[in-house]
Amino acid sequence: MPTHHYPRAVATTCAALTLALLTSASMAAEEAASKPFDPTVQLAPYLEPIIPRPEQDKQAADKLQALKERFGRSPNVLIFLTDDMGWGDAGTYGGGIAIGAPTPTLDRMAAEGLKLTSTYSQPTCTPTRAALMTGRIPTRSGLTRPILTGEKVKVNPWADEVTAAALLSDAGYRTALSGKWHLGEQQGSWPHQTGYDEYFGILSVVSEFSQQFDERLYPDLVLRPERLAALRQISEAAITSGMKGSPLEVSKELKTIEDLGQLDQDFANFSEDFIRRTANAGKPFYLVHAFSRVHNDNYPAKGYAGKSPAGFPYKDAIVEIDDIVARLIGVLKDTGQLENTLVFFTSDNGANEDLWPDSGYQPWRGGKGTTWEGGVRVPGIVYWPGTIAAGRQSDGLFDLSDLFNTALGVAGASDRIPSERYIDGIDQTSFLLADDGQSKRDAVFMYSENNFMAVRWMEYKVHFRVFETHAPRRNLDESTVSEVGMSPWVYNLYMDPKEQASIGHSRFEWGIPQVMQRAQRHAATFVDYPRKDIGLGKP
Ligand code: CA
């Protein structure tokens with residue numbers, strides 16, 4: 001049974017097998033024939049195996065070439081990253097008006113673009129952001145869990161990680177992070193020190209600030225002046241900003257919960273200005289617009305209190321997100337960039353059940369913090385009028401680490417991907433752009449911190465470790481990670497989407513060896529590309 005302590009002999013055998021795959025096309029074909037369940041090839045030792053799809057690659061390349069001739073510059077990439085939004089919050093995924101928060105913009109983008117139904121994040125904020133930006137799963141970069149208030153990591157994770165922003169900036173893009181960072185607050189780990197030409201946002205997370213202001217939720221801190229003063233010495237509540245090569249500046253001190261309510265309007269103002277400036281300068285851009293919403297604690301922006309039919313702050317925040325997406329899509333249109341921009345909308349993890357009623361909805365088991373579907377299956381809406389055919393839907397696998405490779409693929413800058421480190425992401429450009437594009441990803445590997453937990457393969461979810469919660473809605477606050485017994489816990493997500501009745505031994509005996517083979521091949525990558533420990537382990 002694979003664990004995170006893999007037998008070296010197995011790992012070496014797999015690495016050797018992988019190398020053999022590369023030696024010649026004929027050997028690869030022979031290898032493929034001996035593994036009828038495995039359509040993948042590995043193009044280089046540092047790259048994740050892909051399902052080759054040359055015809056759709058050609059179609060996507062032709063589309064990109066035509067765009068370049070039309071616009072005279074490379075396409076823009078705009079990633080909307082919400083915080084803790086559930087798979088089921090938007091109307092297009094079954095929520096919306098039915099659960100008291102209509103999302104007409106997201107629904108329209110999905111209808112006029114590509115709706116992905118199997119997009120996977122990591123279980124919490126920091127790991128997903130790290131994977132999205134570096135193309136590497138958190139157990140490699142060391143960013144395995146959120147960095148907490150005032151916590152100092154012993155090794156700067158950014159000393160030797162490479163972001164898509166850095167590679168695209170080198171390739172002539174203007175790159176920016178607007179909104180939440182949460183990938184290190186120390187000198188050397190600010191966004192404008194890791195590849196973003198411009199940064200405007202918050203280095204941590206909104207709850208780090210609300211705990212300083214909201215006496216109804218945190219009276220034991222807010223109403224205790226000495227404690228509060230001590231906390232404020234290590235946690236500065238502010239919107240900060242910076243330009244590449246310049247220091248960090250305080251743009252706006254945050255003093256009240258009303259200030260927190262305005263955060264996403266402030267971020268939207270920056271993003272609008274950035275898009276307009278960059279379009280005018282004739283440069284392509286890569287913009288990660290990372291909402292503070294809908295992470296707890298949600299306070300309505302001006303004009304949003306009670307605006308949703310539900311009337312709760314979380315639902316008002318969903319309505320605000322939809323409005324901000326509409327606003328920035330409008331800016332793309334105004335500036336003539338709408339048809340030259342890949343727009344990807346997603347969330348950094350599933351809804352946080354622990355915080356209900358300040359939390360979202362998903363039709364799956366579990367929530368944020370777990371590797372049940374509720375923790376890691378997130379919305380994925382891809383929108384590019386004129387390039388992505390309207391009305392597409394796909395259940396093909398997409399891991400948010402794929403956005404690293406895909407941003408570079410769309411930009412025509414894949415050759416800048418470094419080769420001395422393992423890249424878990426896959427270039428999914430042709431999946432997204434070709435009219436009948438299929439995913440090039442064969443499996444998604446799921447982790448909780450450094451624990452290898454589960455694999456999604458085809459419509460199956462195979463758990464080698466599981467989260468057990470000891471009280472309802474206590475996924476983060478009262479759960480343990482358990483080993484499974486002799487059989488992995490297996491769920492057919494088409495027949496059992498809520499992962500309620502394992503069929504591991506009784507109905508999936510045929511598939512377990514296939515998944516084991518993938519888990520072992522994955523484990524083998526750690527032999528040549530070891531993990532990094534930045535000191536986020538438990539005491
Ligand atoms: Ca999050």
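Above this text you will find the structure in question.
### Considering the overall build of the chain
Here comes step 1: A count of helical and extended segments in the chain gives 17 helices and 17 strands.
Here comes step 2: Relative to the globule expectation of 24 Å for 539 residues, the C-alpha radius of gyration of the chain, 22 Å, shows essentially globular dimensions.
Here comes step 3: Principal-axis analysis of the C-alpha atoms places the extent of the chain at approximately 65 × 60 × 45 Å.
Here comes step 4: Buried residues in the chain amount to 62% of all 539 residues.
Here comes step 5: Residue pairs at least 24 apart in sequence account for 71% of intrachain contacts in the chain once pairs closer than 6 positions are excluded.
Here comes step 6: Where the 54 positive side-chain charges of the chain centre and where its 67 negative ones centre are 1 Å apart.

### Side note on the coordination of the calcium ion
Here comes step 1: Bound to the calcium ion on the protein side are Asp83 (OD), Asp84 (OD), Cys125 (SG), Asp348 (OD), Asp348 (OD) and Asn349 (OD1), at distances that span 2.2 to 2.6 Å.
Here comes step 2: Geometry at the calcium ion is irregular, judged from its six donor atoms and the angles of 53 to 162° they form at the metal.
Here comes step 3: Since its relative accessible area comes to 0%, aspartate 348 is described here as buried.

### A short note on the sheet that holds strand S14 (residues 460-463)
Here comes step 1: In space, the four strands of this open sheet follow the order S12-S13-S14-S17, with antiparallel pairing throughout. Every interior strand has two partners, whereas the edge strands, strand S12 (443-448) and strand S17 (489-492), have only one. Neighbour-to-neighbour, the strand axes of the sheet open up by a mean angle of 20°, direction not taken into account.
Here comes step 2: Note: strand S13 (residues 451-457) against S14, four bridges, orientation antiparallel. Paired with tryptophan 457 across the bridge in S14 is tyrosine 460.

### Focus: the pattern of salt bridges
A side chain with one charge can pair with a side chain of the opposite charge if their charged atoms come near.
Here comes step 1: Under the counting rule described, the total for this entry stands at 38 salt bridges.
Here comes step 2: Note that aspartate 264 and arginine 293 form a salt bridge whose closest N and O atoms lie 3.8 Å from each other. Of this pair, aspartate 264 sits in helix H12 (residues 263-280) while arginine 293 sits in the loop between strand S7 (285-290) and helix H13 (313-334), placing them 29 residues apart in sequence. Each of the two residues, aspartate 264 as well as arginine 293, counts as buried.
Here comes step 3: For the salt bridge of arginine 421 with glutamate 420, the shortest nitrogen-to-oxygen distance reads 2.8 Å.
Here comes step 4: Here the salt bridges do not stand alone but share partners, grouping Glu373, Arg377, Asp395, Arg456, Lys461 and Glu499 into one network.

### Details of the environment of valine 222
Here comes step 1: Looking at the element boundaries, valine 222 is found in helix H9 (residues 219-222).
Here comes step 2: As for valine 222 and glutamine 212, which are separated by ten residues in sequence, their C-alpha atoms are 5.7 Å apart.
Here comes step 3: Dropping the residues within four chain positions of it, valine 222 is found in contact with Gln211, Gln212, Phe213, Asp214, Glu215 and Leu228.

### Notes on the packing of aromatic side chains
Here comes step 1: Counted according to the given criterion, the structure contains 24 aromatic pairs.
Here comes step 2: Both rings, one in phenylalanine 80 and one in phenylalanine 345, keep their centres 6.4 Å apart while their planes meet at 45°; by these two values the pair is tilted. You can see phenylalanine 80 sitting in strand S1 (residues 76-82) and its partner phenylalanine 345 sitting in strand S8 (residues 341-347), a full 265 residues away along the chain.
Here comes step 3: In this structure phenylalanine 80 comes out as buried when scored by relative accessible area, which is 0%.
Here comes step 4: Where phenylalanine 452 meets phenylalanine 464, the ring centres are 5.7 Å apart and the plane angle is 20°; that geometry is what we call stacked. Here phenylalanine 464 lies in the loop between S14 and strand S15 (465-469) and phenylalanine 452 lies in strand S13, a separation of twelve residues in the sequence. Each member of the pair, phenylalanine 452 as well as phenylalanine 464, is classed as buried.

Cut-offs and rules
- Residues numbered from 1 in each chain as written.
- Predicted model: local features only at pLDDT ≥ 70, side-chain atom pairs only at ≥ 80, totals over all residues.
- Heavy atoms only, no water.
- Helix = DSSP H or I, 4+ residues; strand = E, 2+ residues; numbered from the N terminus.
- Rg over C-alpha atoms; globule rule 2.2 N^0.38 Å.
- Buried < 20%, exposed > 50% of the residue type's maximum accessible area, 1.4 Å probe, protein only.
- Contact = heavy atoms within 4.5 Å.
- Lys, Arg positive; Asp, Glu negative; His and termini not counted.
- Charge placed at Lys NZ, Arg CZ, Asp CG, Glu CD.
- Donors = N, O, S within 2.8 Å, 3.2 Å for Na, K, Ca; no water.
- Tetrahedral: all angles 85-135°; square planar, octahedral: opposite > 155°, others 65-115°.
- Pairing = 2+ DSSP bridges.
- Axes fitted to C-alpha atoms, helices over the stretch in contact; angles between N-to-C directions.
- Salt bridge = Lys/Arg side-chain N within 4 Å of Asp/Glu carboxyl O.
- Phe/Tyr/Trp six-rings, centres within 6.5 Å; stacked < 30°, edge-to-face > 60°.

Honestly, that's just the spatial picture; any functional story needs more than this.
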